[in-house]
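Residue-level structure breakdown
Residues per chain are reported as follows:
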Amino acid sequence: MRRVSPALPPGRWLGLLGGGQLGRMFCMAAQSLGYRVCVLDPGADSPAGSIAERHLKAGYLDDAALDELARTCRAATTEFENVPARALERLARDIAVAPAGASVAIAQDRVDEKAFVRRAGIEVAPYAVVRDEADLRAADPALFPAILKAARLGYDGKGQARVADAASALEAFRAFGGVPCVLEKRLALAKEVSVVVARGFDGVASAWPLAENEHRGGILAVSTVPARVDEALAARATEATLAIVAALDYVGVLCVEFFVLEDGRLVVNEMAPRPHNSGHYTIDACVTSQFEQQARVMAGLPLGATRQHSPAVMLNLLGDVWYGDRDAPSEPDWTRVLRHPQAKLHLYGKTEARRGRKMGHVTVLGETAAECASVAATIERDLGIAT
């Protein structure tokens, strides 16, 4: 893997594929370190493209745009997992790229991802690969009730269906268009948690504290950090995450989501080869944010400390907050958030609020986890967030 050596001095360019809010926060962190950012994204008005020093408005596989990005930048990264791995592989001929296309390709396909995690010796939920209707008809009845998940392009609950039996699974498979899927047994869950880790080109890795996550409608709603679990479980999740990044020879920032089962077992749900929604708290609650760490890795700088200095609760702000019980959106009264001095508001610069669309987040800091939870609950009520 091509690496950045020596470290890039301030003023040089870092490349970014993707123009969403994760890219916007990466741009801010990279710019704080003195770097300029060139974003490649097809959108005309993207959150990252609107603040980057340069925006190449083109598709991710556009040869001319990729060549221009490579001429401009010494290193490039991605801000969402569905950037084509081929684009990363093409860039890697000329500049440092992290994560590598091969790593992203594994995370883009649930079939490959689950097989990889198993090979790494880490438990996943029982599952079957579904490539056609015959696979569903032959599925082990013990897998039901289950969740049918499209193998590719699923996120925030999209491309997933709860199925009670083979007949309902067959119906869902047809509704998905007959694309490859995994049929995953539904397990009795106690919690959902995640670990975000950064790993440099030199192989040095550092993880942030375990986050406890609550999802609503398939979308992350609340992250509480540190997670309310015992130290042994947190250590097991961190060790498993570090084992995965080592097995992938991964470079960059990666998140691994886990299910904590009622019997205390820990199984991998999925991984994201990028900064993660559940790591947003690191901006305000940790010495080094996941986005600064991403920029440090790309520039060949040493990793920063991942120590958490304050308990935190992160609330996602979806477009629903702009609507409430109205038919048309209107700007929320943000003074109801900011009257809490320990609340940190982050809005993503999106010009159109839509229900279910991630528009921003609030991180609540405090002396104790209980204090954070209390203030976060008040903010949710004030903003009309359904819990």
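Refer to the preceding data block for the structure.
Notes on the structure follow. (Residues numbered from 1 in each chain as written. Predicted model: local features only at pLDDT ≥ 70, side-chain atom pairs only at ≥ 80, totals over all residues. Heavy atoms only, no water.)

**Things to note about the environment of Cys 38**
Checked against the element boundaries, Cys 38 lands in strand S2 (residues 36-40). Overall, Cys 38 belongs to the buried group, its relative accessible area being 0%. Along the chain, Cys 38 and Glu 68 lie 30 residues apart, while their C-alpha atoms are 9.8 Å from each other. Discounting chain neighbours no more than four positions away, the residues touching Cys 38 are Trp 13, Leu 14, Gly 15, Leu 16, Arg 54, Leu 56, Leu 69, Thr 72 and Cys 73. (Helix = DSSP H or I, 4+ residues; strand = E, 2+ residues; numbered from the N terminus. Buried < 20%, exposed > 50% of the residue type's maximum accessible area, 1.4 Å probe, protein only. Contact = heavy atoms within 4.5 Å.)

**Some words on the side chain of Glu 79**
Considering the arrangement of structural elements, one finds Glu 79 in the loop between strand S4 (75-78) and helix H3 (85-91). Among buried charged residues, Glu 79 stands out as having no salt bridge; its nearest opposite-charge side chain is Arg 274, 7.3 Å away. Within the local environment of Glu 79, its side chain forms a polar contact with the backbone nitrogen of Gly 23, the two atoms lying 2.8 Å apart. Those residues in contact with Glu 79 that lie beyond four places of it in its chain are Leu 16, Leu 17, Gly 18, Gly 19, Gly 20, Gln 21, Leu 22, Gly 23 and Arg 274. (Lys, Arg positive; Asp, Glu negative; His and termini not counted. Salt bridge = Lys/Arg side-chain N within 4 Å of Asp/Glu carboxyl O. Polar contact = N/O pair within 3.5 Å; in protein donor to acceptor, adjacent residues only side chain to side chain.)

**Quick word on the nonpolar core**
In terms of nonpolar packing, the biggest core is built from 29 residues, with Ile 244, Leu 248, Leu 254, Phe 258, Val 268 and Met 271 touching the most fellow members. Among the elements that take part in this core, helix H8 (residues 231-248) stands out by supplying six residues, more than any other. Sequence-distant contacts of Met 271, defined by excluding residues within four places in its chain, comprise Ile 106, Ala 107, Glu 113, Phe 116, Ile 244, Leu 248, Leu 254, Cys 255 and Val 256. By size, the runner-up hydrophobic cluster in this structure holds 26 residues, among which are Leu 16, Ala 30, Phe 201 and Val 297. (Core = buried A, V, L, I, M, F, W, Y, C linked by side-chain atoms within 4.5 Å.)

**Looking at the sheet that holds strand S3 (residues 54-56)**
In spatial order, the strands read S3-S2-S1-S4-S5; together these five strands make up an open sheet with parallel pairing. The open sheet is flanked by S3 and strand S5 (96-97), the only strands paired with a single partner. Pairing of S2 with S3, which is carried by three bridges, proceeds in the parallel orientation. Each bridged residue has a counterpart across the sheet, and for Leu 40 the counterpart in S3 is Leu 56. Here helix H1 (residues 21-32) sits on the sheet in contact with strand S1 (13-17), S2 and S4, set at roughly 175° to S1. Those strands touched by helix H2 (residues 63-72) are S1, S2, S3 and S4, and its axis lies near 155° from that of S3. (Pairing = 2+ DSSP bridges. Axes fitted to C-alpha atoms, helices over the stretch in contact; angles between N-to-C directions.)

**Some details on the environment of Ala 128**
By secondary structure assignment, the location of Ala 128 is in strand S6 (residues 127-130). For the pair Ala 128 and Ala 221, spaced 93 residues apart in the sequence, the C-alpha separation amounts to 29 Å. Those residues in contact with Ala 128 that lie beyond four places of it in its chain are Leu 143, Cys 181, Val 182 and Leu 183.

**Side note on the packing of helix H4 (residues 101-108) against helix H5 (residues 110-119)**
H5 packs onto H4 with a crossing angle of 105° between their chain directions and a minimal axis gap of 5 Å. As summarised for this structure, H4 and H5 are arranged roughly perpendicular, according to the angle between their axes. Of the residues in H5, those in contact with Ile 106, Ala 107 and Gln 108 of H4 are Arg 110, Asp 112, Glu 113 and Phe 116. The class makeup of the residues in the contact of H4 with H5 is three nonpolar, one polar and three charged. (Parallel < 35°, antiparallel > 145°, perpendicular 65-115°, else oblique. Nonpolar A, V, L, I, M, F, W, Y, C, P; charged D, E, K, R; others polar.)

**Observations regarding the sheet that holds S6**
The sheet built from four strands is open, its strands ordered S6-S9-S7-S8 with antiparallel pairing. One side of each edge strand has no neighbouring strand; the edge strands of this open sheet are S6 and strand S8 (160-163). The mean angle between the axes of side-by-side strands here comes to 20°, regardless of whether they run parallel or antiparallel. Inspection of the sheet shows strand S7 (residues 146-150) paired to S8 by four bridges, in the antiparallel sense. Paired with Lys 149 across the two strands is Gln 160, which belongs to S8. Relative to strand S9 (residues 181-185), H5 is tilted by about 50°, and along the sheet it contacts S6, S7, S8 and S9.

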